[in-house]
Amino acid sequence: MTRLVRRSIVVENWHNNLPFSFWDGDVLHQVDTYIDSWQEMGNWWDGERNRKMLRVYTNRHQVFDLEGSENNWGIYKIWD
């Protein structure tokens with residue numbers, strides 16, 4: 001099951017241009033495993049860009065779908 005959250009994160013460290021550790025509020029997560037990655041097309045008719053999507057497993061034993069473009073990243077979904 002997933003929860004759609006769509007909230008911003010602060011990326012602290014990068015690995016190969018991908019978030020490696022990030023702050024979700026006052027909680028620091030470190031990526032243990034990059035499970036999957038894909039591109040999603042934005043609403044081009046509204047001027048949105050494509051987004052890079054990542055499914056990650058963190059040191060806190062949580063799975064997140066992260067979304068981003070360039071240096072603007074956020075949590076899209078949290079897996080239960």
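For the structure itself, look to the data block above.
Residues numbered from 1 in each chain as written. Predicted model: local features only at pLDDT ≥ 70, side-chain atom pairs only at ≥ 80, totals over all residues. Heavy atoms only, no water.

Chemist: Help me get a handle on the overall build of the protein chain, residues and values and all.
Modeler: Helix and strand content of the protein chain: zero helices and seven strands. The secondary structure elements of the protein chain, listed N-terminal to C-terminal, are β-β-β-β-β-β-β. The C-alpha extent of the protein chain, read off along each of the three principal axes, is 40 × 30 × 25 Å. Relative to its 80 residues, the protein chain shows a buried fraction of 32%. Counting only contacts in the protein chain whose residues sit at least 6 apart along the sequence, the fraction spanning at least 24 positions is 38%. Summing over all exposed atoms, the protein chain offers an accessible surface of approximately 5,400 Å²; the carbon and sulfur share of this is 46%. (Helix = DSSP H or I, 4+ residues; strand = E, 2+ residues; numbered from the N terminus. Buried < 20%, exposed > 50% of the residue type's maximum accessible area, 1.4 Å probe, protein only. Contact = heavy atoms within 4.5 Å. Areas by Shrake-Rupley, 256 points an atom, 1.4 Å probe, with all protein chains shown as cover.)

Chemist: Can you tell me about the nonpolar core, naming the residues and giving the values?
Modeler: Core analysis: the largest hydrophobic core is formed by 12 residues, namely Ile-9, Val-11, Leu-18, Phe-22, Val-31, Leu-54, Val-56, Phe-64, Leu-66, Trp-73, Ile-75 and Ile-78. For this core, the elements supplying multiple residues, two or more each, are strand 3 (18-24), strand 5 (51-58), strand 6 (63-69) and strand 7 (72-79). It is strand 7 that provides the largest number of residues to this core, a total of three residues. Beyond its immediate chain neighbours, meaning those up to four positions away, Leu-54 contacts Leu-18, Pro-19, Tyr-34, Asp-36, Ser-37, Trp-38, Phe-64, Asp-65, Leu-66 and Trp-73. (Core = buried A, V, L, I, M, F, W, Y, C linked by side-chain atoms within 4.5 Å.)

Chemist: Quick one: what's the story with the environment of Trp-23, residue by residue and with numbers?
Modeler: Its location among the elements puts Trp-23 in strand 3. Taking relative accessible area as the criterion, Trp-23 reaches 30% and is therefore assigned partly exposed. Taking the C-alpha atoms as reference points, Trp-23 and Gly-74, separated by 51 residues in sequence, lie 9.9 Å from one another. If we ignore the near neighbours within four places in the chain, the residues touching Trp-23 are Ile-9, Val-10, Glu-12 and Leu-28. Reaching out from Trp-23, the side chain makes a polar contact with the side chain of Glu-12 at a distance of 2.7 Å. (Polar contact = N/O pair within 3.5 Å; in protein donor to acceptor, adjacent residues only side chain to side chain.)

As far as function goes, none of this settles anything; it's purely spatial.
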